[in-house]
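Tertiary structure, described
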Amino acid sequence: MPNICVCLCLGFRLESLKPEPERDSQQKPPPPSIYLVVHLRGKMASVAPSRLAALTRLRCSVFGTSYNPTSQRTGAKYLRRRLQGPSMLKYYPLEASFAALNRANPEWKLIDQDEQQRLQDIEDRKKRGKGTPKKSTAKGDSRRTQRKR
Amino acid sequence: MPNIRVLRDLKARRGVAANEISRRAYLYVARNQALPAQVRYQAQLQLNTFGRYTRPTTVKNRCTESGRGRGIISEFGLCRFQFRQKALAGELPGVHKASW
């Protein structure tokens, strides 16, 4: 490590905490005060940007973070995020159904009474001429297009 | 029997789980500014070929009892009415009607 101590002090002046005196509307407000204090072996000096960059790179290698001075988007967040799929699949509780059991075990052939009744009802309705209407093959024959607006 | 909206939601959940890893890989390539623009563009085109029900945003938590999409109390996964009925019937441990 180079013998540099960088101390970044971000703070507002104490004056800003006091109630502000009456000012003319034309007068500009004072600029926010941000102090960057750099101690270089006891003497105050301005540091070259390349030196600061070297410091940042070194700090990254020490703390195991990636050096990205231009804040380039690396897409790492898409790899870092946990996968959502497994927990999404678990949302609805599993329901046992005859169809699922039959699909899993083809030799079982369980009979679902409710489903049989439903199919029987449909057949009965068809016999009475109350079945669902046929879908039209041509586009113009569709009942939706003939509907009056 | 779940209603059609729940079935559609289940379809979306299965699609998301099945395609999540490849979508993430394409997203990583497409959003990575360090890669050449042509590669990123191709990755984005591949992302666009995924179906509607592979995106996690198409998944909606619906009521596990009635399939209602609004007014879900997420802690229980129930809509407000099913929550009330179950709470009054004492089927939700630790939940009882407030009275003071």
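Values in this document were obtained by computation on a predicted structure and should not be read as measured data.

Further remarks concern the side chain of K86 of chain B. Residue and element names in this part refer to chain B. Looking at the element boundaries, K86 is found in helix α3 (residues 80-88). Its relative accessible area of 17% is what places K86 among the buried residues. Residues within four places of K86 in sequence aside, it is in contact with E65, L78, E91 and L92.

What follows deals with the interface of chain B and chain A. With 26 residues of chain B in contact, the opposing surface of chain A contributes 19 residues. The junction of chain B with chain A conceals about 1900 Å² of combined surface from both sides, 62% of it contributed by carbon and sulfur atoms. At the junction of chain B with chain A, the criterion picks out zero salt bridges. Here chain B and chain A share 10 residue pairs in polar contact (both at pLDDT 80 or more) between them. Per-element accounting of the side of chain B that touches chain A gives the leading share, 13 residues, to helix α1 (residues 4-31) of chain B. For the side of chain B that touches chain A, the class distribution of residues is 13 nonpolar, five polar and eight charged.

What follows deals with the packing of aromatic side chains. One pass over the full model with this rule turns up three aromatic pairs over all chains. Between F76 of chain B and F83 of chain B, the aromatic rings sit 5.0 Å apart at their centres with planes inclined by 40°, giving tilted as the arrangement.

Our focus in this paragraph is helix α1 (residues 49-63) of chain A. Because an α-helix packs 3.6 residues into every turn, residues spaced three or four apart end up facing the same way. Taking 1.5 Å as the rise per residue, α1 of chain A with 15 residues should run 21 Å; its terminal C-alpha atoms sit 21 Å apart, in good agreement. Trailing α1 of chain A by a residue or two, G64 of chain A shows a phi angle of about 70°, which is positive.

Attention now moves to helix α5 (residues 113-127) of chain A. Residues and elements named next belong to chain A. In this model α5 runs 21 Å from its N-terminal to its C-terminal C-alpha over 15 residues, within 8% of the 21 Å that 1.5 Å per residue would give. Capping of α5 at its N-terminal end is provided by D112; its side-chain oxygen lies 3.3 Å from the backbone amide nitrogen of D114. Looking one or two places after α5, you find G129, whose phi comes out positive at around 75°.

Residue and element names in this part refer to chain A. You will see that S71, though not glycine, has its phi angle at about 55°, which is positive. Mapped onto the elements of the fold, S71 is located in the loop between α1 and α2 (76-80). Phi angles above zero are rare outside glycine, and K109 is one such case at about 55°. As for its position among the elements, K109 is in the loop between α4 (98-104) and α5.

Attention now moves to a nonpolar patch on the surface. All names here are of chain A. Side chains of F98, L101, W108 and L110 sit close together on the surface and give an oily, nonpolar patch of about 350 Å² of accessible area. Structurally, L101 is set in helix α4. Judged by its relative accessible area of 34%, L101 falls in the partly exposed class.

Rules and cut-offs
- Residues numbered from 1 in each chain as written.
- Chains lettered and ligands numbered in written order.
- Predicted model: local features only at pLDDT ≥ 70, side-chain atom pairs only at ≥ 80, totals over all residues.
- Heavy atoms only, no water.
- Helix = DSSP H or I, 4+ residues; strand = E, 2+ residues; numbered from the N terminus.
- Buried < 20%, exposed > 50% of the residue type's maximum accessible area, 1.4 Å probe, protein only.
- Contact = heavy atoms within 4.5 Å.
- Buried area = accessible area lost by both parts, 1.4 Å probe.
- Salt bridge = Lys/Arg side-chain N within 4 Å of Asp/Glu carboxyl O.
- Polar contact = N/O pair within 3.5 Å; in protein donor to acceptor, adjacent residues only side chain to side chain.
- Nonpolar A, V, L, I, M, F, W, Y, C, P; charged D, E, K, R; others polar.
- Phe/Tyr/Trp six-rings, centres within 6.5 Å; stacked < 30°, edge-to-face > 60°.
- Expected span 1.5 Å × (residues − 1).
- Patch = residues over 30% accessible without salt bridge, like charges linked within 9 Å, V, L, I, M, F, W, Y side chains within 5 Å.
- Areas by Shrake-Rupley, 256 points an atom, 1.4 Å probe, with all protein chains shown as cover.

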